[in-house]
Amino acid sequence: MAESRDAVKIGLLGCGTIGSGVFHLVRKNAAGLTEAARRPVEVSGILVKAIDEARPFEVDTSIMTTEASSLLDDPGIDVFIEVMGGTEPARSYALEVLGKGRHLVTANKELIARHGRELMEAAVRTDAQVMFEAAVGGGIPIVRPMELSLGGDVVNKILGIVNGTTNYILTRMSAEGSTYAEALAEAQQLGYAEADPSADVEGGDAASKLAILSSIAFKAGITSDQVYREGISRVRPEDLDNAAELGYAVKLLAIAERAEAGVSARVHPTMLPRSHPLASISGNFNAVFVIGESVGDLMFYGQGAGSLPTATAILGDVVNVVRTMGSPPASRRSYWSRPGEVLPMEEVVSRFYMVLNVVDRPGVLAKIAGVFGDNNVSLESVVQKGIGDGAQIVLITHGVAERSFRAATEGLEKLDVVLEIPSVIRVES
Ligand code: NDP
Ligand code: HSE
């Protein structure tokens, strides 16, 4: 039955790829949304930079403004959806909204990963809610399951493909032989990439998402600066071929793990055995593999980027906020105020794939093996590819602390028989 109570008014801060999708779905799915939220929901104002900008979905320009104060000062707006991106002015607007006791829904992972603590604390002061389901994994419900459904378990490991742009690029490069530049341009055109795509390809976007998931999983505020990151721009087509020959797929993985020595959090290209459930995730799809102490293995899968999948996650947050308006928030996330400790990357243990361009003469392999041995790095497989000027050694190590592997790499770079080390990729078991 349709609800007859007054409509909840939404202020949309930003109306690009995601914001126009939100506007579209609020109108298109009005009846279902009203039923789920138990009140009608309407967008009553929209903030943009330029009103006449082209948008993926048709939007009512009569409620658009370029004056932030006309929305932020409107006492009739109950919930603000921030989909502008970046940290300023998004952070200032968010603090203003929460300071006035209004609720905030955001898709902005950078904002939460950098300023989560400040926002959670501001929300607690006024009993407002901060919701950010869309900030991680686009349309995949992952934040609420991690917070609430797994609230009674201990999360030991998270392995995620959490950036749609890079997964799209790697898929296009390996499956269709596209170049890196072609695949990136397509991802931008499809609306997956950030305004500055270096955040995607250099791992910053995934680092923000991992900081958010780690904070929830390990019950402490972990910021994006604490997450080690390497992007995909140095992954070569030859590495994708080598990986396939060796039985692996290359993915940009976000990995957080609770171990005896402490918590690690890192984003880097990773060779995953093709039998791993994450290895087959392709295109703009994301997946997060969670290992809980009691629940065991879980996998969350769906479109990690794009207008309507992400808008769906935002509307899920709106439903939650509207249903619980007037009651204390389901989670105050007080743990976000406890600074989380993250192990230095030098202490993290990984297996490594390495390619060395070498001089093709007897004794080369012995010299290389000697350097690895001197640094306590043991080798799992070694293959020579090519001859003469094209001679290459392709090897995979056993698990080794990053510190020892880096020392071995420095030693190898000093060998006269090693011409270049064009590629190093970590390997996940
Ligand atoms: P867009 O660049 O497409 O849209 C940004 C919108 O915000 C535009 O409407 C822009 O106005 C407006 N805007 C930006 N800065 C200001 C400002 N200072 N004052 C007023 N308006 C401003 O970004 P997306 O929609 O792609 O992304 C929005 C957020 O959602 C980001 O935080 C992003 O990380 C996140 N996200 C994006 C996903 C995606 O697939 N694209 C998926 C999940 C999360 P104008 O239109 O006039 O330029
Ligand atoms: N640029 C992001 C991505 C958007 O490609 O995953 C979704 O957060």
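Just so it is clear, the structure is predicted and the values come from calculations on it, not from any experiment.

**Focus: the site of ligand 1**
Near ligand 1, the surroundings consist of 24 residues, among which Cys15, Ala50, Arg55, Glu194 and Gly306 are the closest. Between ligand 1 and alanine 50 there is a distance of 2.7 Å, counted from an oxygen atom to a backbone nitrogen or oxygen. One of the side-chain nitrogen or oxygen atoms of lysine 109 is found 2.8 Å away from an oxygen atom of ligand 1. Protein chains bury 83% of the 900 Å² of accessible surface belonging to ligand 1 in isolation. Class assignment of the residues belonging to the shell around ligand 1 gives a composition of 11 nonpolar, 8 polar and 5 charged.

**Examining the site of ligand 2**
Every residue near ligand 2 is listed here: Lys109, Asn163, Gly164, Thr165, Tyr192, Ala193, Glu194, Asp200, Asp205, Lys209, Gly304 and Ala305. Between aspartate 200 and ligand 2, the recorded distance is 2.7 Å, taken from a side-chain N or O atom to a nitrogen atom. Within the complex, 93% of the 260 Å² of free accessible area of ligand 2 lies under protein. Of all the secondary-structure elements, those providing two or more residues to the shell around ligand 2 are α7 (164–176) and α10 (204–218). Of the residues belonging to the shell around ligand 2, the class tally is 3 nonpolar, 4 polar and 5 charged.

**A closer look at the domain arrangement of the chain**
As assigned here, the chain comprises domain 1 (8–136 + 308–335), domain 2 (143–302) and domain 3 (345–427). Between domain 2 and domain 3, the contact holds 14 residues from the first and 18 residues from the second. For the pair domain 2 and domain 3, the summed buried area comes to about 1,400 Å², and 57% of that belongs to carbon and sulfur atoms. Counting across the interface, domain 2 meets domain 3 through 2 salt bridges.

**Structural notes on the packing of aromatic side chains**
Considering all chains together, one arrives at 5 aromatic pairs under this definition. Taking the centre distance of 5.1 Å and the plane angle of 15° together, the rings of phenylalanine 285 and tyrosine 301 count as stacked. With phenylalanine 285 in strand β11 (residues 285–292) and tyrosine 301 in strand β12 (residues 296–303), this residue pair connects regions lying 16 residues apart in the sequence. With a relative accessible area of 47%, tyrosine 301 lands in the partly exposed category. Chaining the aromatic ring pairs together yields one cluster made of Phe132, Tyr335 and Trp336. Above the face of the tyrosine 335 ring, lysine 219 is positioned so that its terminal group lies 5.3 Å from the ring centre.

**Observations regarding the layout of surface pockets**
By volume, the second largest pocket is sized at about 500 Å³. Along the wall of the second largest pocket there are 22 residues; nearest its centre are Glu230, Arg234, Ser423, Val424 and Arg426. Elements with a contribution of two residues or more to the lining of the second largest pocket: β8 (228–229), α14 (402–413) and β17 (418–427). Across the lining of the second largest pocket, the residue classes tally to 9 nonpolar, 4 polar and 9 charged. Residue contributions to the lining of the second largest pocket reach at least three from each of two domains, namely domain 2 (143–302) and domain 3 (345–427).

**Here we look at the environment of glutamate 413**
With respect to the helices and strands, the residue glutamate 413 is situated in helix α14. C-alpha separation for the pair glutamate 413 and histidine 115, spaced 298 residues apart in sequence, amounts to 40 Å.

**Topic: helix α2 (residues 30–37)**
All of the buried residues in α2 are Leu33, Thr34 and Ala37. Down the axis of α2, the buried set is contained in an arc of 100°. They therefore lie on one face. Against the buried residues of α2 lie α1 (17–28), β2 (41–47) and α12 (307–324).

**Re the pattern of salt bridges**
Oppositely charged side chains can form a pair if their charged atoms are brought close together. As enumerated under the stated definition, the model contains 28 salt bridges in all. Among the ionic pairs, glutamate 42 bridges to lysine 9, the shortest N-O distance being 3.4 Å. Of this pair, glutamate 42 sits in strand β2 while lysine 9 sits in strand β1 (residues 8–13), and the two are 33 residues apart along the sequence. For glutamate 42, a relative accessible area of 35% gives the class partly exposed. On the accessibility criterion, lysine 9 (29% relative accessible area) is partly exposed. Taking the shortest distance from any N to any O, the salt bridge between arginine 91 and glutamate 88 comes out at 2.9 Å. Overall, the relative accessible area of 43% leaves glutamate 88 in the partly exposed class.

**Concerning the nonpolar core**
Within the largest apolar cluster, 74 residues are counted, with the highest numbers of intra-cluster contacts made by Phe132, Ile142, Met146, Ile212 and Met271. No other element matches the 9 residues that α10 contributes to this core. Excluding residues within four positions of it along the chain, methionine 271 makes contact with Ala243, Leu246, Tyr248, Ala249, Val250, Tyr353, Ile396, Ile425, Arg426, Val427 and Glu428. Ranked by size, the runner-up nonpolar core spans 33 residues in total, among them Val8, Ala37, Val43 and Val322.

**Observations concerning the sheet that holds β1**
With parallel pairing, 6 strands are arranged side by side in an open sheet as β3-β2-β1-β4-β5-β6. On the outer flanks of this sheet lie β3 (64–65) and β6 (130–131), each paired with one strand and no other. As defined by bridge partners, strand β4 (residues 79–82) adjoins strand β5 (residues 103–106) across 4 bridges and the pair is classed as parallel. When the bridges of β5 are listed, isoleucine 81 appears paired with valine 105. Contacting β1, β2, β4, β5 and β6, helix α4 (residues 90–99) runs over the sheet at an angle of about 150° to β5.

About the criteria used
Residues numbered from 1 in each chain as written. Chains lettered and ligands numbered in written order. Predicted model: local features only at pLDDT ≥ 70, side-chain atom pairs only at ≥ 80, totals over all residues. Heavy atoms only, no water. Near = heavy atom within 4 Å. Polar contact = N/O pair within 3.5 Å; in protein donor to acceptor, adjacent residues only side chain to side chain. Areas by Shrake-Rupley, 256 points an atom, 1.4 Å probe, with all protein chains shown as cover. Nonpolar A, V, L, I, M, F, W, Y, C, P; charged D, E, K, R; others polar. Helix = DSSP H or I, 4+ residues; strand = E, 2+ residues; numbered from the N terminus. Domains from an automatic or database assignment. Contact = heavy atoms within 4.5 Å. Buried area = accessible area lost by both parts, 1.4 Å probe. Salt bridge = Lys/Arg side-chain N within 4 Å of Asp/Glu carboxyl O. Phe/Tyr/Trp six-rings, centres within 6.5 Å; stacked < 30°, edge-to-face > 60°. Buried < 20%, exposed > 50% of the residue type's maximum accessible area, 1.4 Å probe, protein only. Lys NZ or Arg CZ within 6 Å of the ring centre and 35° of its normal. 1 Å grid on protein atoms, 1.4 Å probe; cavity = no way out; pocket = protein on both sides within 12 Å on 5 of 7 lines; lining within 4 Å. Points joined across faces, edges and corners; volume = space filled by probe spheres on them. Arc of directions from axis to C-beta. Core = buried A, V, L, I, M, F, W, Y, C linked by side-chain atoms within 4.5 Å. Pairing = 2+ DSSP bridges. Axes fitted to C-alpha atoms, helices over the stretch in contact; angles between N-to-C directions.

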